[in-house]
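The lines below spell out each chain.
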Amino acid sequence: MIVVHRLARLLVVLVVVTFLSFVLLNLLPGDPVTQILGLSATEEARAQLRRELGLDQPLLVRYLDWLGGLATGDFGTSYITRMPVGAELAERLPVTLELLIAAQLIALGLAVPVGVAAARRAGRALDQALTALSFALLSTPVFVLGVVLILLFAVTWQVVPATGWTPITLDLGWNLTSVILPAVTLGCGQFAVYARLLRTDLIATLQEDYITLARARGLSPRRILWRHALRPSAITLITAIGLNLGALIGGTVIIETLFGLPGIGRLIVDSIFSRDYLTVQGGVVLISVGYVVVNFAVDLVYAAVDPRIRRA
Amino acid sequence: MRRRLGLGFWLAASWIGLVLLAALLADLLPFPRYDETLAGPPQSGPSAAHPLGTDGLGRDVLSRVVYGARVSLGVGIGAVLLGLGIGAPLGILAGYRRKAADAVIMAVNDVAQAFPALVFALAVVAFAGASLRNVLIVLGVLGVPSWVRLIRGATLTFAEREFVLAARVLGTRDRRILWREIVPNVAVPAASYAFIGMAVVVVAEGSLAFLGLSVQAPQPTWGGLINEGRTLMETAPHVVLAPSVVMFLTVLSFNLVGDRLRAMTDVRESGLEPVRPAAAPALPAAPHPVHDVLLQVEELRTHFTTPRGLVKAVDGVSFTLERGKTLAIVGESGSGKSMLIRSILGLLPGTSVRGGHVYLSGDDLTAYGPAEMRSVLGLRLGTVFQDPMTALNPVRTIGAQVTEPLRVHLRMGRREARAEAVRLLASVGIPDPARMLRRYPHQLSGGMRQRVTIAMALSCRPDVLFADEPTTALDVTIQDQVLRLLHRLREERDMAVVLVSHDLSVVARWADEVIVMYAGKVVERGPAREVFARPRMPYTEALLQAAPRLTDPVHHRLRVIPGRPPDLVDLPPGCPFRARCPYARDRCATEPPPLFEDGPQHHQYACWFPRDPAPAEPGSTNDTAHTRADTGSTSDTTPTRPRPESTSGGAGPETVTGDAASGVESRGR
């Protein structure tokens, strides 16, 4: 029942969003024909190419045609490269996903222990340091942070390459060195958000009666923090992770540009420049599906974390 | 104002002002124009002529950063004003009108938020041209959904407030309400979010510029400068660092200003500044004998340093307790009962200072370190709190919670602990205990939860059970069951029980000994039967008269204790109860009464003018019984005529009753 409901919602979101972006892209000036043939092409050549590409059809027909293809798993063929869009996306997606997962692991791996430690001694030195650090990190644009990190680790100390990408299938070690700096850059801002959220919620949880009673039962602070307080304090954090993942599937373009990574974000930007509508459409589909899938996953995690949510 | 906003706020505001001023006056400033090549040697570091050095074409970096500020700040301020201009009216409409308008606006808003903003921004800027105006419009429009949500939220909270509802009831026109009541209140949070919004827009514009999608060269932008500079990172890092640092400081300043403005309007955050524990010396205690009893509390004190002053929450409490006995601690809310329990158990917040001694079988618990204390808590001292709804961890199963002390303290294995947990739950009268272990607290009723917390408190067979108002949050019928259970368990296990309550009927029935607390002090103490039959302290007498009885006539008006418990900050000298005491005289205002003792039963009381030890008739409505107190009295604090208001039942005194008295009253009905 819930799954059916979710699927219906996914389809609605997908159709609305892809239609809007289809219209938007077609309304804007410039088209693939000019992009392919150049400005000097004759009108006959342009018309013929239009027919070949199907661009002479009305907008709605083209959209429905594309949507029909999508239903059978066909993302269409790029006007510009004449390559299947699906294959291009499949090649780019793992890069973005690996970047995202690595960034989340770094952010959470730091944020949970730091948030717990800051909440345990709220108002003390560590807590105040975390407040200042997270404020600074939240005020650092990602490309500024990336530039500084490249300057330090790639240019000055030369421990990792500044740019470039080695696929995981080629060499795991090189793959990791090429993902570590972009992942840290992306993860820093999220670390700040996550640690702040967790700290605030934990401090609220630690005021609860059941925590005082756990202390009255002679349990150690460590046990109380990790086993009793962490889980009830995690809801806001999980929401934030979900929102982040949803937003980042297409939102890592800056990082991908800065570090020269062939990811989805870069693909969408390049395709917009080259008026490669169908590739952009494919990217939009991925973003929308990712958005809904992440939301669904977040609901499942909610239920696992808090039994009070399970009833519905 | 200045003090509350803090130094950081003013530094940040000054930086924003400085950048803004430089951007406005860039043409007048004494440096080369941003596009003048070879103003100095290319890629030279900072020097007197070029404070931030030059870039690859020999252009002055400072000049380029200052001109870049025009774009960043222009777009930042412009886009926020645009987003606010569209979003605020929609948000106020959605929040105030609710229903149809709200539904439509929020539905459109949801779709707008699900749409990939990046694609939108990129597409528009890429196709429509990367001019200052287009970037400003795109970022402004992208901000509208957030503004609608924020303003709607702020409006909703005010639309439900009393002054707006009152205006609506009075028939004030909607437009007038909006302008007079809503807009001024929404303006404050909106202003703080405007600064945070500018930070967001400056970053967004920088991102677009970094991708080459903002204002085009030769006009410099911060994001563009950083993008250009990174190609020179190895030879001339200052070219990329200068705009990076300026951008960071500017974004930080916008965030800081917005955050401080928000904190100023947010009552919760500004009112609850964490209090540093004062480096007060441990409070000394007078020498005393250590008795051979189970629990001995000697001159226990708990003081808090608060921003308003020193609060003596517990002030010199002593008692002893033997096995198999129940000690009741009674008093109004705020009298220090619960704090006394927490003080004995060492469960105090960091802002408190504890003094005195707590002996458990002769060992001084106040000398224990945290680890030693944990070996006593739960194992020898069990605790039950007032509200079973909050006493259990909502995300853990009953089984995990009940078995935990068994496994931690008694080192039982998983299976053994489960078997013991089943026995425990059965012993507190829980049906089908094996199934109960798999349940979560929200699946249980309040009475069942309290039985579970009692089972947990008893799991390691403690010597003393502390029950802090264990039945207050329960239905009357359940209350009785739980008290009987506690009594039975005390008998079975030969425990001692410390029962905190403001419900005198509970105390009279189950306690062996009673301590009456007022303003952190013991004001009366003795065997329960004796204290209730012959209260000596006027406060105890008043408490007894405030308690409802089944023998009262149907329309009998309950007496209440006039006045409120005193403010514990800077308690005046003398007897703390004198302001509410009908028998107070001059001496009560100057000298605090010590604990007197009389009779063979060690009945103690802190009063200069105690009530007659002759058997009194508690609950009597006859006022003449008390008039003996005004024989020649010349008290200057309260009228000497004893409590005419408590029998007249006028509305005036009743509205200012202490909360325990009114609590008793409501519970009695």
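K.L.:
I would appreciate a short explanation of the sheet that holds strand β5 (residues 363-364) of chain B in the present structure.
P.N.:
Two pairing modes exist for strands in a sheet, parallel and antiparallel, and in both the strands are linked by backbone hydrogen bonds. Residue and element names in this part refer to chain B. Strand order in the open sheet formed by 4 strands is β2-β1-β4-β5, and the pairing between neighbours is antiparallel. Looking along the sheet, the strands with just one partner apiece sit at the ends: β2 (309-321) and β5. Where strand β1 (residues 295-306) meets strand β4 (residues 352-360), 8 bridges bridge the pair, whose relative direction is antiparallel. Considered in β4, the bridge of phenylalanine 304 is made with serine 352. Across the sheet, helix α11 (residues 337-345) is in contact with β1, β2 and β4; its angle to β1 comes to roughly 110°.

K.L.:
I'm lost on the environment of Leu178(B) in this one. Help?
P.N.:
Residues and elements named next belong to chain B. By secondary structure assignment, the location of leucine 178 is in helix α7 (residues 174-210). Owing to a relative accessible area of 22%, leucine 178 belongs among the partly exposed residues under this scheme. For the pair formed by leucine 178 and arginine 451, sequence separation is 273 residues and the distance between their alpha carbons is 52 Å. Discounting chain neighbours no more than four positions away, the residues touching leucine 178 are Ile92, Tyr96, Val183 and Pro184.

K.L.:
Which parts of the structure should I look at to understand α11(B)?
P.N.:
Listing the buried residues of α11(B) in full gives Lys337(B), Leu340(B), Ile341(B), Ser343(B), Ile344(B) and Leu345(B). One or two positions beyond α11(B), positive phi appears at Gly346(B), with a value near 70°.

K.L.:
Even after reading the chapter, I still don't get the interface of chain A and chain B, so can you show me in this structure?
P.N.:
Put simply, an interface is often sized by how much accessible area is lost when its parts join up. Residue-level contacts link 61 residues of chain A with 60 residues of chain B. Of the roughly 5,500 Å² buried where chain A meets chain B, counting both sides, 74% is carbon and sulfur surface. One can count 1 salt bridge joining chain A with chain B. Between Glu404(B) and Arg223(A) there is a salt bridge; the shortest N-O distance is 2.6 Å. At the boundary of chain A and chain B, one finds 11 residue pairs in polar contact (both at pLDDT 80 or more). Those elements giving two or more residues to the side of chain A that touches chain B turn out to be α1 (2-27), α6 (125-138), α7 (142-156), α9 (209-216), α10 (221-229), α12 (253-259), α13 (264-273) and α14 (277-305) of chain A. Counting residues per element, the side of chain A that touches chain B draws most heavily on α7(A), which supplies 7 residues. Taken together, the residues of the side of chain A that touches chain B sort by class into 37 nonpolar, 11 polar and 13 charged.

K.L.:
What am I meant to see in the packing of helix α5 (residues 85-120) of chain A against α13(A) here?
P.N.:
Pairs of packed helices are described in terms of their axes, by the angle between the two and the distance that separates them. Residues and elements named next belong to chain A. Running from N to C, α5 and α13 cross one another at 135°; their axes reach a closest spacing of 7 Å. By the criterion of interaxial angle, the relationship of α5 to α13 is oblique. Contacts between α5 and α13 pair Glu88, Leu89, Arg92, Leu93 and Thr96 from the former with Ile264, Gly265, Arg266 and Leu267 from the latter.

K.L.:
Mind showing me how you'd approach the nonpolar core here?
P.N.:
Counting residues in hydrophobic clusters, the biggest one holds 119 residues, and the most contacted among them are Ile150(A), Trp222(B), Ile226(B) and Met247(B). In this view, Ile150(A) contacts Val155(A), Ala162(A), Leu181(A), Leu258(A), Phe259(A) and Met233(B); residues no more than four positions away in its chain are not counted. Membership of the second largest hydrophobic core comes to 34 residues, among which are Leu424(B), Ala457(B), Leu465(B) and Leu489(B).

K.L.:
Got a minute to help me understand the pairing of β1(B) in this structure?
P.N.:
Each regular strand displays side chains that alternate between the two surfaces of the sheet. All names here are of chain B. β1 sits mainly inside the fold: 10 of its 12 residues count as buried. Across 10 bridges, the pairing between β1 and β2 is antiparallel. Note that in β2 the partner of threonine 302 across the bridge is valine 314. Once β1 ends, the chain turns through 2 residues before running back antiparallel as β2.

K.L.:
Would you mind going over the pairing of strand β8 (residues 496-501) of chain B with me for this structure?
P.N.:
Residues and elements named next belong to chain B. Counting buried residues in β8 gives 6 out of 6 residues, a clear majority hidden from the surface. In β8, alternate side chains face the same way, and those of Ala496, Val498 and Val500 on one face and Val497, Leu499 and Ser501 on the other are all buried. Here strand β7 (residues 464-468) runs beside β8; their pairing, made up of 5 bridges, is parallel. When the sheet's bridge partners are listed, aspartate 468 is paired in β8 with valine 500.

K.L.:
In this structure, what is going on with the pattern of salt bridges? I would like to understand it.
P.N.:
All names here are of chain B. This structure, assessed with the given rule, holds 26 salt bridges over all chains. In this structure, glutamate 228 and arginine 59 form a salt bridge, with 3.9 Å as the shortest nitrogen-oxygen distance. Here the residue glutamate 228 occupies a position in helix α8 (residues 222-229), and arginine 59 occupies one in the loop between α1 (2-24) and α2 (61-97), the gap between them amounting to 169 residues. On the basis of relative accessibility, which here comes to 12%, the residue arginine 59 falls in the buried class. As a salt-bridge pair, arginine 423 and glutamate 420 come within 2.8 Å of each other at their nearest N and O atoms. In this pair, arginine 423 and glutamate 420 both sit in helix α15 (residues 414-427), 3 residues apart, roughly one turn of the helix. Take arginine 423: its relative accessible area is 52%, and that puts it in the exposed class. Relative accessible area serves as the criterion here: at 18%, glutamate 420 is assigned to the buried category. Connected through shared salt-bridge partners, Asp55, Arg59, Arg64 and Glu228 make up one network.

K.L.:
Explanation requested: the sheet that holds strand β6 (residues 381-384) of chain B in the structure shown.
P.N.:
Residue and element names in this part refer to chain B. Strand order in the open sheet formed by 8 strands is β6-β7-β8-β3-β9-β10-β12-β11, and the pairing between neighbours is mixed. Across the chains shown, the open sheet's two edge strands, defined by having one partner strand only, are β6 and β11 (596-598). In this sheet, neighbouring strand axes are inclined to one another by 20° on average, regardless of whether the strands run parallel or antiparallel. Note that strand β10 (residues 521-527) and strand β12 (residues 603-605) share 2 bridges and pair antiparallel. Bridging across to β12, arginine 525 finds its partner in glutamine 604. Set on the sheet, helix α21 (residues 538-546) makes contact with β9 (513-518) and β10; between it and β9 the angle comes to about 105°.

K.L.:
Would you explain the packing of aromatic side chains in this entry?
P.N.:
A ring pair, where both rings are aromatic, is described by two values, the distance of the centres and the angle of the planes. Scanning all chains against the criterion turns up 14 aromatic pairs over all chains. Seen in terms of ring centroids, Tyr539(B) and Phe577(B) are 5.1 Å apart; in terms of plane orientation they differ by 65°. Their pairing is edge-to-face. Of this pair, Tyr539(B) sits in helix α21 while Phe577(B) sits in the loop between α21 and α22 (586-590), placing them 38 residues apart in sequence. Centre to centre, the rings of Phe596(B) and Tyr605(B) are 5.9 Å apart; their planes meet at 40°, and the pair counts as tilted. Here the aromatic residues Phe19(A), Phe22(A), Tyr63(A) and Trp66(A) are joined through ring pairs into a cluster of three or more. Positioned above the aromatic ring of Tyr605(B) is the side chain of Arg536(B), whose terminal nitrogen or guanidinium carbon lies 4.6 Å from the ring centre. Directly above the ring of Tyr583(B) sits Arg611(B), whose terminal nitrogen or CZ lies 3.8 Å from the centroid.

K.L.:
What is the right way to look at the packing of α5(A) against helix α8 (residues 172-206) of chain A in this model?
P.N.:
Residue and element names in this part refer to chain A. It is the contact of α5 with α8, at a shortest axis distance of 5 Å, that shows an interaxial angle of 35°. The chirality of how α5 crosses α8 is right-handed. Taken together, the residues of the contact of α5 with α8 break down into 27 nonpolar, 5 polar and 2 charged.

Thresholds, definitions, all that
- All residue numbers refer to positions counted from 1 along the written sequence of the respective chain.
- Naming scheme: in the order in which they are written, chains are lettered from A and ligands are numbered from 1.
- The model is predicted, so local features are restricted to residues of pLDDT at least 70 and side-chain atom pairs to those at 80 or more, both for listing and for counting; the totals for chains, interfaces and linings are taken over all residues.
- Neither water nor hydrogens contribute to the side-chain values; these are computed over all heavy atoms in the structure.
- One requirement defines pairing of two strands: DSSP has to find at least two bridges between them.
- Numbering goes from the N terminus for both helices and strands, where a helix is a DSSP run of H or I of at least four residues and a strand is a run of E of at least two.
- Every residue pair with non-hydrogen atoms within 4.5 Å of one another is taken to be in contact.
- Lines fitted to C-alpha atoms define the axes, with helix axes restricted to the stretch in contact, and inter-axis angles between N-to-C directions lie between 0 and 180 degrees.
- Using a 1.4 Å probe on the protein chains alone, a residue whose accessible area is under 20% of its type maximum counts as buried, one over 50% counts as exposed, and one in between counts as partly exposed.
- For any pair of parts, buried area is found by adding up, for both, the accessible area (1.4 Å probe) each one loses once the two are put together.
- Throughout this description, the term salt bridge denotes a Lys or Arg side-chain nitrogen within 4 Å of a carboxyl oxygen of Asp or Glu.
- We define a polar contact as two N or O atoms separated by no more than 3.5 Å, with the added condition that, inside protein, one atom must be a possible hydrogen donor and the other a possible acceptor, whereas residues neighbouring each other in sequence contribute only through side-chain atom pairs.
- Gly is placed with the polar residues, together with every amino acid not listed as nonpolar (Ala, Val, Leu, Ile, Met, Phe, Trp, Tyr, Cys and Pro) or charged (Asp, Glu, Lys and Arg).
- When an angle is under 35 degrees it counts as roughly parallel; over 145 it counts as roughly antiparallel; between 65 and 115 it counts as roughly perpendicular; any other value is oblique.
- In this text, buried Ala, Val, Leu, Ile, Met, Phe, Trp, Tyr and Cys residues form a nonpolar core when linked through side-chain atoms within 4.5 Å.
- Working definition: rings of Phe, Tyr and Trp (its six-membered ring) pair if their centres are within 6.5 Å, and the pair is stacked with planes under 30 degrees apart, edge-to-face with planes over 60 apart, and tilted otherwise.
- Each ring is checked for a lysine NZ or an arginine CZ that lies within 6 Å of its centre and within 35 degrees of its normal; such an atom marks a charge sitting over the ring.
- Left-handed describes a crossing whose near helix is turned anticlockwise from the far helix by less than a right angle; the clockwise case is right-handed.

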